[in-house]
Amino acid sequence: MSSGKTLSLADVLAARERLAGSIYYSPCAHSRTLTRLTGQDVYLKLENLQMTGSFKERGALNKIATLTAEQAARGVVAASAGNHAQGVAYHATQRGIRAVIVMPLTTPLVKVQATRGFGAEVVLHGANYDAACDEAMRLCKEQGMVFIHPFDDPLVMAGQGTIGLELLEQVEGLEAVVVPIGGGGLIGGIACAVKESNPKIRVVGVQTARLPSMQAAVRGHGPMTLEPGTTIADGIAVRRAGDVTYPVVAKYVDEIVTVDEDEIASAILTLLEREKTLAEGAGATALAALLQKRTSLPKGTKTAVLVCGGNIDVTLLSRIIERGLVQDGRMIRLRIHLLDKPGALLELTEIIANHRVNIVDTLYNRAYYGVNLGDTTIDITMETRGREQVDELLAALTREGYRHSRVL
C-alpha cells in the first residue's frame, strides 16, 4: 500500500491481484435501447451480478486479504445498511474469520437475512448508519476486532477501483464513466484507475438529491455533515463524504450531479422492463442521470454506466413499480362525479372500455369531496398504455359531461 491514506494506480493493480479468482468479472454489455433513450452510447457494468449482489465485496475482500494472522484471529466488525455488510460477511466467512455486522434498525429485512446467511453475526442498532457505526466502533474497541469501513479506507477504495481496470478492458475507446456516489469509495477507486490510465476519460458522479454529501464537500472544499434524509437509494444515503475519499474525488472526478426519488424509481423500472436487470435504488442512480440528461456529456459519448447493486426489498420494489407506472402515465386514478342512479356506472365503464383502458380498482363515495345529494363520486384506478391514451380518455369524459380530476 502506498504511504499514508492515499490511493494510487499501483494500489488498484495490487488489489486486482488479491481479488483474482474470488471476484466475478462482471459483464459490461452494450445497450441499444438505453443508447436510444439517453443519447449516449451506453454500456452497463453489471455489478449487481456479484455473489453478494453488489460491488461492495471487492473493497471488503481487499481489506480482509491484507489482515495479518493475528488480526484475522481477532475477527472483523463493520457497520452497514446492507451491501458492505454482505461483502464483509461472505469473504470473512470464506476465510474462517469471525464477522460482526452492525446494521441500522431500518435496514430492509432482505439485507439482514442475507448478511446472516453469509455467516455474520448481525447486531441491529440505531436509527441510521451513523448510530450503527458508533456501535461498531464501540464493539471494535471492546472486543479488539478490526474495523472495516464501508468506504473511507484506501484498501477498500483500491478494491472498488478494480472495476475501473475491467472497464478499460471491456469497452474499447471508452470516453466516460458514470458512477453512483455515497461516501465516495466506489467512484474514488474507479476514477483513480481510469484517470491514471487515460486522463481523457470523463468521470461523472451521481448522488441522490436528498443527500448530496460529496457534491457539498466538493463545493465547500471539504467534507461536511448534512441533515438526515430518507431515500430509496439507501445504499448511498451517506450524510458526510469520507475524509479519505474526498481528496481523491476532488482530484479525479469531473462532474457531480443529482437525481430525485421519482427519477431513481423510473430508472429502476426502465432497467427492469427494458434490460431485464434488477437494480436497487443506489444501483439505478447513474442511469437515472443519463435518462434525465443531467450530465454535460456530449451526445454519443461512449459511456459505461455502473449498475452497482441489486439488493432491493421486494415490498419496496412493488411500490417502485407502481409509482413508476404512475409517473409514466401507465397507471392513473381518476375521481369522477356521476348521478347516483341505475345504469350510471354502466355508461361510464362503456366509455372506459371503448378506449381499451383496464379498470384495476374502484371506490364509491357519497358523503365526502363536496358530493351533492343524489350524486356520487367514484375513484377508479386504471391501467393504460401511456399518456396519449390517458389524454384521449380524459377528452372523451369531458365531451360526455363528466366532472373528473386526477387523484395523486
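Look up: the structure comes first, before these words.
Residues numbered from 1 in each chain as written. Predicted model: local features only at pLDDT ≥ 70, side-chain atom pairs only at ≥ 80, totals over all residues. Heavy atoms only, no water.

Caption draft 1: Expanded view of the overall build of the protein chain. A count of helices and strands for the protein chain gives 16 helices and 14 strands. Burial statistics for the protein chain: of 408 residues in total, 56% are counted as buried. Per element, the accessible surface of the protein chain, about 17700 Å² overall, is 51% carbon and sulfur. Here the protein chain contributes 43 positive and 44 negative side-chain charges, whose respective centroids are spaced 2 Å apart. (Helix = DSSP H or I, 4+ residues; strand = E, 2+ residues; numbered from the N terminus. Buried < 20%, exposed > 50% of the residue type's maximum accessible area, 1.4 Å probe, protein only. Areas by Shrake-Rupley, 256 points an atom, 1.4 Å probe, with all protein chains shown as cover. Lys, Arg positive; Asp, Glu negative; His and termini not counted. Charge placed at Lys NZ, Arg CZ, Asp CG, Glu CD.)

Caption draft 2: Spatial organisation of the environment of Gln327. Structurally, the position occupied by Gln327 is in helix H14 (residues 314-327). A C-alpha to C-alpha distance of 39 Å links Gln327 and Asp153, two positions 174 residues apart in sequence. Setting aside chain neighbours within four positions, we find Gln327 in contact with Asp262 and Arg387. (Contact = heavy atoms within 4.5 Å.)

Caption draft 3: Examining the side chain of Glu280 more closely. For Glu280, the position within the fold is in the loop between helix H12 (261-275) and helix H13 (281-291). When residues no more than four places from it in sequence are discounted, the contact partners of Glu280 are Gly53, Asn83, Lys111, Gly235, Ile268, Gly309, Gly310, Asn311 and Ile312.

Caption draft 4: Here's a closer look at the packing of helix H10 (residues 213-220) against helix H11 (residues 245-252). Running from N to C, H10 and H11 point in directions that differ by 70 degrees, and their axes come no closer than 10 Å. Looking at the two axes, H10 sits roughly perpendicular to H11. On the side of H10, the interface is formed by Met214, Ala217 and Val218, while H11 contributes Thr245, Tyr246 and Val249. Per-class residue counts for the contact of H10 with H11 are 5 nonpolar, 1 polar and no charged. (Axes fitted to C-alpha atoms, helices over the stretch in contact; angles between N-to-C directions. Parallel < 35°, antiparallel > 145°, perpendicular 65-115°, else oblique. Nonpolar A, V, L, I, M, F, W, Y, C, P; charged D, E, K, R; others polar.)

Caption draft 5: Geometry of H14. Over its 14 residues, H14 runs 20 Å from end to end, which matches the ideal 20 Å to within 8%, given 1.5 Å per residue. Of the residues making up H14, those classed as buried are Leu316, Leu317, Ile320, Gly324 and Leu325. In this fold, the buried residues of H14 make contact with H12 and strand E11 (331-339). A distance of 3.0 Å separates the backbone nitrogen of Thr315 from a side-chain oxygen at the start of H14, and that oxygen is part of Asp313. Taken from the residues just after H14, Gly329 is the one with a positive phi, measuring 80 degrees. (Expected span 1.5 Å × (residues − 1). Polar contact = N/O pair within 3.5 Å; in protein donor to acceptor, adjacent residues only side chain to side chain.)

Caption draft 6: View of the sheet that holds strand E2 (residues 41-46). An order of E1-E2-E10-E7-E8-E9 is seen for the 6 strands of this open sheet, with the pairing classed as mixed. Either end of the sheet is taken by a strand with one partner, and the two such strands are strand E1 (28-30) and strand E9 (255-259). When the angles between neighbouring strand axes are averaged without regard to direction, this sheet yields 25 degrees. Pairing between strand E7 (residues 176-180) and strand E10 (residues 302-307): 3 bridges, direction parallel. Note on E10: the bridge partner recorded for Val178 is Val305. Most of the contacts of H10 go to E9, to which it runs at about 140 degrees, and overall it touches strand E8 (202-208) and E9. (Pairing = 2+ DSSP bridges.)

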